[in-house]
Number of protein chains: 2
Amino acid sequence: MSKTDITPVRTERRDAAENRQRILKAAHKLFEEFGVENVSMNQIATEAEIGPGTLYRRFRNKSELCQELIKDHLDLLFDGIETYMNENRDEPPRERLKGLLRLFIRFREMKAQLLSGVEESASPARKRPLSQNPVYNELHKLFVELLDEIAASEPSRSPAPNSVFKADVLMMALLRDSYHFQRDVRGYAPEMILEQLILTFLPEE
Amino acid sequence: MSKTDITPVRTERRDAAENRQRILKAAHKLFEEFGVENVSMNQIATEAEIGPGTLYRRFRNKSELCQELIKDHLDLLFDGIETYMNENRDEPPRERLKGLLRLFIRFREMKAQLLSGVEESASPARKRPLSQNPVYNELHKLFVELLDEIAASEPSRSPAPNSVFKADVLMMALLRDSYHFQRDVRGYAPEMILEQLILTFLPEE
DNA sequence: TTGACAAACGGAGATGTCTCCGCTTAAATA
DNA sequence: TATTTAAGCGGAGACATCTCCGTTTGTCAA
């Protein structure tokens, strides 16, 4: 089941649907050529031969546009995650969490630009909180489930940390700013980041 | 010792120094009246009766301006932290870390707007990484020291997590986006966030 | 005091995001 | 098919960040 659909309530008018395609095609082309960061909404509108107003009617900002472009890949990611979770349902939860993190980090590496585009705060002002991004909601839910399972499976040594909070912090560490900070400034390789995350969030007793 | 000074190498020309004061005064007034978020660099320039070029010559962006405005308060914070650390040097490190976090979170609550302004990504494009902000470097250093001390004081049960990494993740959780997410979306009170951070990063055995 | 010059000024304008609103048009309805 | 109407279009323009560069001015050395 696709979790990232944003199905329009009513079917689009024919011209609107065509414009949507023109936009996606133009964006894809420009992103490919100049990189997501270096392409402005204006450029996309020009390339698609439509007015800026039309562009913004379809996509409220570049983040939404990126989300649309990455949707299929995201669906694949979540399919992969579901498969992994099913195939490994007998593994201990900490192992599954690690696998889950690995899948996401791999995805992050492959789709770095678009995914960063999705996370972009859009306009400096009215930025919506993380919580509104379905991608991260979905991931967060999985983290919470696994963390709860881990907490339950281990002898409760101290008041169990709130899994929702812990998952939030973990998510933050996977977000663009944090992740690329680790990569580019600290110089950690992806696998190293994964290791450190596990050590940080799941210290073995 | 002040750690947040950005002392100009050469003394400013008299007119430049005066303009700097006009800018700070104007910014303070406007921030007070409309809130940091809702004040543009243009407004500040107008209020200070200078051109935009002059404003940008003094402060490359709003973040730097906020940093200047909050400097004195930050110095007080770090003085307070130093005092606290000295007075509690015999407490166990985890206790000191908790105290440190509490001091910072209190500061964050009191100076929310300006501190958020400091953290602002400035322009969506060329945002400099966290690592360039002296405030966070300073804090990060303290965290690393304490985490190292904690790791050393406890029986090494498993490969010790890299304190630098752990401190990075902890910092992320204290940053504007994450902190206000916890406050506004999750509805946690500051003291609750503190508790959760401790539980997450310093699980008792 | 005066002349030279680096520093500072300021505003026009490049570029970007995003909205508003009068006109156009696809498509549901009679 | 003709009519209606809401969805869609597109560009002007409000506002924001930030730069460039010709002009002005403080400062220092002579």
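Counting starts from 1 at the beginning of each chain's written sequence and moves along it residue by residue. All chains are assigned letters beginning with A, and all ligands numbers beginning with 1, in the order in which they are written. Restriction of local features to residues with pLDDT of at least 70 applies here, the model being predicted, together with a cutoff of 80 or more for giving and counting side-chain atom pairs; totals for whole chains, interfaces and linings are based on all residues. Computation of side-chain values covers all heavy atoms of the structure but excludes hydrogens and water.

Draft legend 1. Quick peek at the environment of A:Ser116. All names here are of chain A. Numbered from the N terminus, helices here are DSSP runs of H or I no shorter than four residues, and strands are runs of E no shorter than two. Among the secondary structure elements, Ser116 is positioned in helix H6 (residues 112–119). For Ser116 and Ser63, which are 53 residues apart along the polypeptide, the C-alpha to C-alpha distance reads 8.6 Å. Among all residues touching Ser116, those that are not within four sequence positions of it are Arg108, Arg176 and His180. The contact criterion used throughout is that any non-hydrogen atoms of two residues lie within 4.5 Å.

Draft legend 2. Seen up close, the environment of A:Leu142. Residues and elements named next belong to chain A. You can see Leu142 is positioned in helix H7 (residues 134–153). Classification of Leu142 as buried rests on a relative accessible area of 15%. Taking the C-alpha atoms as reference points, Leu142 and Met85, 57 residues apart in sequence, are found 9.9 Å from one another. Leu142 has contacts with Ile81, Met85 and Leu100, leaving out every residue within four places of it along the chain. Each residue is assigned to one of three classes by its accessible area relative to the maximum for its type, calculated with a 1.4 Å probe on protein chains only: buried under 20%, partly exposed between the two thresholds, exposed over 50%.

Draft legend 3. Molecular detail of the environment of B:Lys62. Residues and elements named next belong to chain B. When you line up the elements, Lys62 lands in helix H4 (residues 62–87). Note on Lys62: relative accessible area 19%, which makes it buried. Note: C-alpha distance between Lys62 and Glu119 (57 residues apart in sequence) is 9.7 Å. The residues contacting Lys62, other than those within four sequence positions of it, are Phe31, Val36, Glu37, Val39 and Met41.

Draft legend 4. The side chain of B:Asp168, seen in detail. Assignment of secondary structure puts B:Asp168 in helix H8 (residues 163–174). The exposure class assigned to B:Asp168 is buried, which follows from its relative accessible area of 5%. In terms of polar contacts, B:Asp168 uses its side chain to reach the side chain of A:Gln182, at 3.0 Å. Contact partners of B:Asp168, with chain neighbours within four places excluded, come to A:Phe181, A:Gln182, A:Arg186 and B:His140. Definition of a polar contact: a pair of N or O atoms within 3.5 Å, with one able to donate and the other able to accept a hydrogen when the atoms are protein atoms, and with sequence-neighbouring residues admitted only if both atoms are side-chain atoms.

Draft legend 5. Seen up close, the packing of aromatic side chains. Residue and element names in this part refer to chain A. Aromatic pairing here means that ring centres of Phe, Tyr or Trp (its six-membered ring) are within 6.5 Å. Orientation follows from the plane angle: under 30 degrees is stacked, over 60 is edge-to-face, and everything else is tilted. Within this structure, the stated rule accounts for five aromatic pairs over all chains. Judged by centre distance (6.4 Å) and plane angle (80°), the rings of Phe104 and Tyr136 are edge-to-face. Within this pair, whereas Phe104 is found in helix H5 (residues 93–110), its partner Tyr136 is found in helix H7, the two being separated by 32 residues in sequence. Taken individually, Phe104 and Tyr136 each receive the classification buried, so the pair is uniform in this respect.

Draft legend 6. Spatial organisation of the packing of helix H5 (residues 93–110) of chain B against helix H6 (residues 112–119) of chain B. All names here are of chain B. As a packed pair, H5 and H6 sit with axes 5 Å apart at the nearest point and diverge in direction by 100°. Comparing the axis directions of H5 and H6 gives the class roughly perpendicular. Of H6, the residues touching H5 (which contributes Phe104, Phe107, Arg108, Glu109 and Met110) are Ala112, Leu115, Ser116 and Glu119. Each residue gets one label: Ala, Val, Leu, Ile, Met, Phe, Trp, Tyr, Cys and Pro are nonpolar, Asp, Glu, Lys and Arg are charged, and the others, such as Gly, are polar. Counted by class, the contact of H5 with H6 contains five nonpolar, one polar and three charged residues. Lines fitted to the C-alpha atoms define the axes, with helices restricted to the stretch that makes contact. Angles between their N-to-C directions range from 0 to 180 degrees. For classification purposes, an angle smaller than 35 degrees is called roughly parallel, one larger than 145 roughly antiparallel, one from 65 to 115 roughly perpendicular, and anything else oblique.

Draft legend 7. Region of interest: H6(A). All names here are of chain A. Within H6, six of the eight residues are buried, which leaves it mostly tucked inside the rest of the structure. Taken together, the buried positions of H6 are Leu114, Leu115, Ser116, Gly117, Val118 and Glu119. The inward-facing, buried residues of H6 contact helix H1 (14–34), helix H4 (62–87), H5, H7 and helix H9 (176–185).

Draft legend 8. Structural view of the side chain of B:Lys166. As for its placement among the helices and strands, B:Lys166 is situated in helix H8. Look past the residues within four positions of B:Lys166 in its chain and what remains in contact with it is A:Thr200, B:Leu147, B:Pro161 and B:Phe201.

Draft legend 9. A look at the nonpolar core. The set of buried Ala, Val, Leu, Ile, Met, Phe, Trp, Tyr and Cys residues whose side-chain atoms join them within 4.5 Å is what this entry labels a nonpolar core. Of all hydrophobic cores here, the largest spans 119 residues; its most connected members are A:Ile44, A:Phe143, A:Leu197, B:Ile44, B:Phe143 and B:Leu197. With ten residues, H4(A) is the largest single contributor of residues to this core. Leave out the neighbours within four places in its chain, and B:Ile44 touches B:Ile23, B:Ala26, B:Ala27, B:Leu30, B:Phe31, B:Val39, B:Leu55 and B:Leu65.

Remember that the coordinates give geometry; whether it matters functionally is a separate question.
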